[in-house]
There are 2 protein chains.
Amino acid sequence: MHRTDNGHQARSVEVHREAVRELLADLSGPGRTEELPLQAALGRGLTADIPAPVDLPPFANSQMDGFAVRSSDIPDGGTDLTVVAPIPAGAPAAALEPGTAAPIMTGAMIPPGADAVVPVERAVPDSFPEPGTAATVRLPATASGTYVRYAGSDIRAGELALAAGTFLGPGQLGLLAALGITRVTVHRKLTVLLATTGDEVVEPGSPLEPGKIYDANGTLLEAAMRQAGLDVLRAAISTDSPDELTAMLREHAPQVDLIVTTGGVSKGAYEVVRQAAAGQDVEFLHVAMQPGGPQGIGRFDGVPFVGFPGNPVSCLVSFEMFLRPVLGELFGSPAPRPAVLARLAEPLESPAGKHQLRRGTLFPDGKVRLEGGAGSHLVHALANSNALIHVPVGTSALAAGAEVEVWTL
Amino acid sequence: MHRTDNGHQARSVEVHREAVRELLADLSGPGRTEELPLQAALGRGLTADIPAPVDLPPFANSQMDGFAVRSSDIPDGGTDLTVVAPIPAGAPAAALEPGTAAPIMTGAMIPPGADAVVPVERAVPDSFPEPGTAATVRLPATASGTYVRYAGSDIRAGELALAAGTFLGPGQLGLLAALGITRVTVHRKLTVLLATTGDEVVEPGSPLEPGKIYDANGTLLEAAMRQAGLDVLRAAISTDSPDELTAMLREHAPQVDLIVTTGGVSKGAYEVVRQAAAGQDVEFLHVAMQPGGPQGIGRFDGVPFVGFPGNPVSCLVSFEMFLRPVLGELFGSPAPRPAVLARLAEPLESPAGKHQLRRGTLFPDGKVRLEGGAGSHLVHALANSNALIHVPVGTSALAAGAEVEVWTL
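In every chain, residue numbers begin from 1 and rise along the written sequence. Throughout, the order in which chains and ligands are written sets their labels, letters from A for the former and numbers from 1 for the latter. Owing to the predicted nature of the model, reporting of local features is limited to residues with pLDDT of at least 70; listing and counting of side-chain atom pairs is limited to 80 or more, with chain, interface and lining totals taken over all residues.

Q: Where do I start with the relation of the copies chain A and chain B in this structure?
A: Turning one copy of the chain about an axis and sliding it along that axis gives the other copy, so a rotation and a shift relate them. Here chain A sits on chain B after a turn of 180 degrees about the axis and a move of 0.0 Å along it, with an RMSD of 0.1 Å. In symmetry terms, the pair is related by a two-fold rotation axis. Among all residues of chain A, the minimum C-alpha distance to the rotation axis is found for Val340(A), at 3.9 Å. Our contact criterion uses C-beta atoms placed from the backbone: two residues qualify when those atoms are within 7 Å. A shared interface surface links the copies, since 100% of the contact residues of chain A are contact residues in chain B too. Each copy is superposed on the other by least squares, with the fit set by C-alpha atoms of residues at a pLDDT of at least 70 in both.

Following this line, the structure appears as structure tokens:
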């Protein structure tokens, strides 16, 4: 039994992720979209289905450099055909007369009457005659349809090209361009206020007095959020004074879509985020997850608020497990982490009542090696990792070779 | 036997990738670096090793909210200790006197003399007394070192924090911040001239006359290049006039680090890139790869030049197989594609003499489904894919369930 300090059992990862989804759902409303040119939409999510306005390919064309033919002209043993003028690229093709073969380059239009292409290397001679010279070519029998890319064989006009919620990467933007589309409607970027807290935390670059540590959370989360397509407003590090933190959150809340804090959410004597959120509609609870168990969630002055724990690895795991997948689900961006099955290179232990996340290096042979221990302060080990390893609730130990789900970072 | 039109055997993927590496190696020289603040360095590659300037953690600190103790004070059956003043966060801790226990929060400094932490939930009573009140607490025997994060246990001062060539993502920047580092020296961004060619190719948004297609390559490759950290200079689509293309390349070459063209590199009668590069130190050859076999490589007016084939899927495969991994190797950016083993959901065929790349959807259960056929024009199928499936040379067919290497896109 894992209990919060309210005496309730700890929440599952799934239940907390759903709570984050509900918190942010209003931010994907119809007024929160914008229309952008394709390149500006890279990394955004589509707000609506896009049907294909044209066939792709737009017309039947050749898959090879060769000769366009009427397949019925060529008997089993092959035949000689009269070579006519080459088919120009980018222009309508004239009809192919019976008994003739037209030089055609890859992508050029199959002429009316033709139904197959014989690659030039199967022709005798295996080259194109000079345009304008009289020539014949010997060609082998060829089935109808050979090396023809039919109109609409990739997608037909009217079919769904991209669905609402699709992440727009190079392949998706390339498809839109191929369809002749130049602008798309996408979800607006969210702006996040990111506030790190703690009397012991100082800005990198300042002197490190005894008992102090440099703030890694702000840099780590700002970078992760920017990678995920968020605009980030960084607040100065807050001390453990609740009044100072309350004033800072109150000042910036009207300018942002979401507030994220780090630290000050667990059961210690001086939990500044808990204290600063007193009187607000914010709940502090425990998720059955290691690291990243203590979490805050609610609204601060009406603005969606999530409070992550204070250790760097806990922050990143909280972002990866709750915020990032919910953003992808609601706004189509960022793209989901690729999830794969891998085999542990070494054994591990895990608290059976919690979903443990370990950091590791995934190798191309399907093995995954642990980087560092379970400790949530191990930021050097995190920097050596390319994967998050999932150890589900109910598992207390796994042997080397055991299969685990891994998210590639 | 796969032969180029020079009569040479087709190059392997590995040999061509090495040629691209040699072509670009000069661009990673010592004059081509810049020093940036951490957030501006997101997505860049480090030019030099960075040793840790401090220990992480900088001082021994508590892993739990609890009581700092001298473990030798507590016999096997437990004992009562006098509770002294709590250890403040972010300040030096006073020495712990024998026979006492000091309330300590996660991350606070272990006081001199103490060597273990007893979590508050194992104490009787299981809460902290009000500061300033006289109190004792009953604590169980605890091994030395319990719940202590020792100074330098993540990384010690002087050890290698990040190696030259490391891609700087959130975890790596977070480590640098934790070490107090605020600026890093990284490889400069490369600028690429991207030129698409073809009489049949028109800009998306213009009318589509018979025989014409919209340019997908420019959008697809620009997006892929920007995702990979390149600055992209887009040239207007060139017709199949070699003079026009030569003039355009000549005009822009002095402003860029690399020229990439699409189309006009194969054996057809009208190969504009081949013709425009006549007299330049550019070789046109065939790589034993499907799609993407025809390739150009060399220098145009001294500027590194690669010529990709004209179909969108061939372009993306060429970028993913040659340019992207070489950029990562030479400049530390982009990060390598995660490579995993997966099982085919369906059978496939492949030309035994070529390294085939198929597009697919990788599922979390380790299965991968083909998206579309082998055709290099299938840009809708590409847009539905999240993975590249590798079918190596020497394989002509694979059954459903066969294990394949997959790169997640």
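Structure's up, so let's keep going.
Q: So what exactly am I meant to see when it comes to unusual backbone geometry here?
A: Residue and element names in this part refer to chain A. Put simply, Leu 56 and Pro 57 share a cis peptide bond, and its omega is -15 degrees. Numbering of helices and strands starts at the N terminus; helices are DSSP runs of H or I of at least 4 residues and strands are runs of E of at least 2. Residue placement: Pro 57 occurs in the loop between strand S2 (50–51) and strand S3 (61–62). Look at the link from Val 124 to Pro 125: it is a cis peptide, with omega at 0 degrees. By the element assignment, Pro 125 lies in the loop between strand S7 (116–119) and strand S8 (136–139). One non-glycine residue, Asp 301, lies in the positive phi region at around 50 degrees. For Asp 301, the position within the fold is in the loop between strand S19 (294–300) and strand S20 (303–308).

Q: How do you make sense of the sheet that holds strand S6 (residues 100–104) of chain B when you look at a structure like this?
A: By definition, the strands of a sheet pair up through backbone hydrogen bonds, in either a parallel or an antiparallel sense. Residue and element names in this part refer to chain B. Only when DSSP finds a minimum of two bridges between them are two strands counted as paired. Ordered by their spatial adjacency, five strands build an open sheet running S7-S4-S6-S5-S8, and the pairing between neighbours is mixed. In the strand order of this sheet, the two ends are held by strand S7 (116–119) and strand S8 (136–139), each with one partner. Strand after strand, the sheet turns through a mean of 40 degrees between neighbouring axes, direction not considered. In this analysis an axis means a line fitted to C-alpha atoms, helices contributing only their contacting stretch, and an angle means the value between N-to-C directions, from 0 to 180 degrees.

Q: Would you mind going over the nonpolar core with me for this structure?
A: A general tendency of soluble globular proteins is for nonpolar side chains to be buried together. The biggest cluster of nonpolar side chains holds 187 residues, and the ones touching the most others in it are Val406(A), Leu179(B) and Val406(B). Ignoring anything within four residues of it in the chain, the contact list for Val406(B) reads Val340(B), Ala342(B), Leu362(B), Val368(B), Ala387(B), Leu388(B) and Ile389(B). When buried Ala, Val, Leu, Ile, Met, Phe, Trp, Tyr and Cys residues are joined through C-beta atoms within 7 Å, the set is termed a nonpolar core. Neighbour counting defines burial: a residue surrounded by 20 or more other C-beta atoms within 10 Å of its own C-beta is buried, one with 12 or fewer is exposed, and intermediate counts give partly exposed, using backbone-placed C-beta atoms. Met64(B), Ile104(B), Ala108(B) and Val117(B) belong to the second largest nonpolar core, which has 30 residues in total.

Q: Help me out: how do you make sense of the packing of helix H1 (residues 13–24) of chain B against helix H6 (residues 312–331) of chain B in this one?
A: Two quantities define a packed helix pair, namely the angle between the axes and the distance from one axis to the other. Residues and elements named next belong to chain B. Axis separation between H1 and H6 bottoms out at 9 Å; the angle between their running directions is 50 degrees. Between H1 and H6, the angle falls in the class oblique. For the pair H1 and H6, the crossing hand works out as right-handed. Along its contact with H1, which presents Val 13, His 16, Arg 17, Val 20, Arg 21 and Leu 24, the element H6 presents Met 321, Phe 322, Leu 323, Pro 325, Val 326, Glu 329 and Leu 330. Throughout this entry, Asp, Glu, Lys and Arg are counted as charged residues, while Ala, Val, Leu, Ile, Met, Phe, Trp, Tyr, Cys and Pro are counted as nonpolar. The remaining residues, Gly among them, count as polar. Class assignment for the residues of the contact of H1 with H6 results in nine nonpolar, one polar and three charged. Oblique is the label for any angle not covered by the other classes, which are roughly parallel (under 35 degrees), roughly antiparallel (over 145) and roughly perpendicular (65 to 115). The crossing is said to be left-handed when, going from far helix to near helix, the turn is anticlockwise and less than a right angle, and right-handed when the turn is clockwise.

Q: Any chance you could explain the sheet that holds strand S12 (residues 191–196) of chain B here in plain terms?
A: Residues and elements named next belong to chain B. Taken in spatial order, the six strands of this open sheet run S15-S12-S16-S20-S19-S17, and their pairing is mixed. The open sheet has two free edges, formed respectively by strand S15 (231–234) and strand S17 (281–286), since each of these has just one partner strand. This sheet shows a mean twist of 20 degrees between the axes of neighbouring strands, independent of strand direction. Examined bridge by bridge, strand S19 (residues 294–300) and strand S20 (residues 303–308) share five bridges and lie antiparallel to one another.

Q: In this structure, what is going on with the confidence of the model for chain A? I would like to understand it.
A: Residue and element names in this part refer to chain A. By definition, pLDDT measures how confident the predictor is in each residue, and it falls between 0 and 100. For chain A, the average pLDDT comes to 94, and 98% of its residues sit at 70 or higher. Confidence over residues 1–7 falls short of pLDDT 50; this stretch has 13 contacts with residues more than four positions distant or in other chains. We note a pTM of 0.95 for the whole complex and an ipTM of 0.95 for its interfaces.

Q: Where do I start with the interface of chain A and chain B in this structure?
A: Taken residue by residue, the interface counts 87 residues in chain A and 88 residues in chain B. A per-element tally of the side of chain A that touches chain B places helix H2 (residues 170–178) of chain A first, with eight residues. Here the residues of the side of chain A that touches chain B sort into 49 nonpolar, 25 polar and 13 charged.

Q: How should helix H3 (residues 217–227) of chain B be read in this particular structure?
A: In an α-helix there are 3.6 residues to a turn, and that puts residues three or four apart on one side. The buried count for H3(B) comes to nine of eleven residues, which makes it a mostly enclosed element. Buried within H3(B) we find Asn217(B), Gly218(B), Thr219(B), Leu220(B), Leu221(B), Glu222(B), Ala223(B), Ala224(B) and Met225(B). Check the buried side of H3(B) and you find it contacts H2 of chain A together with S12, S15, strand S16 (258–262) and H6 of chain B. Just beyond H3(B), the residue with positive phi is Gly229(B), at close to 90 degrees.

Q: What is the right way to read the environment of Pro338(B) from this model?
A: Position of Pro338(B) relative to the elements: it lies in the loop between H6 and strand S21 (339–344). Taking the number of C-beta atoms within 10 Å as the measure of exposure, Pro338(B) has 22 and is therefore buried. For the pair formed by Pro338(B) and Gln9(B), sequence separation is 329 residues and the distance between their alpha carbons is 31 Å. Not counting the four nearest positions on each side in its chain, Pro338(B) is found in contact with Pro338(A), Leu362(A), Thr408(A) and Thr408(B).

Q: What am I meant to see in the environment of Val303(A) here?
A: Residue and element names in this part refer to chain A. Position of Val 303 among the secondary structure elements: in strand S20. Note on Val 303: 19 C-beta atoms within 10 Å, which makes it partly exposed. Note: C-alpha distance between Val 303 and His 16 (287 residues apart in sequence) is 18 Å.

Q: Whenever I open this one, helix H6 (residues 312–331) of chain A confuses me. Can you help?
A: Residues and elements named next belong to chain A. In this scheme, the bend at a residue equals the angle between the axes fitted to the seven residues that finish there and the seven that begin there. The sharpest bend along H6 measures roughly 40 degrees and falls at Glu 320. Extensive coverage of H6 is indicated by the burial of 15 of its 20 residues. Count one or two residues on from H6 and you reach Gly 332, which has phi positive near 70 degrees.

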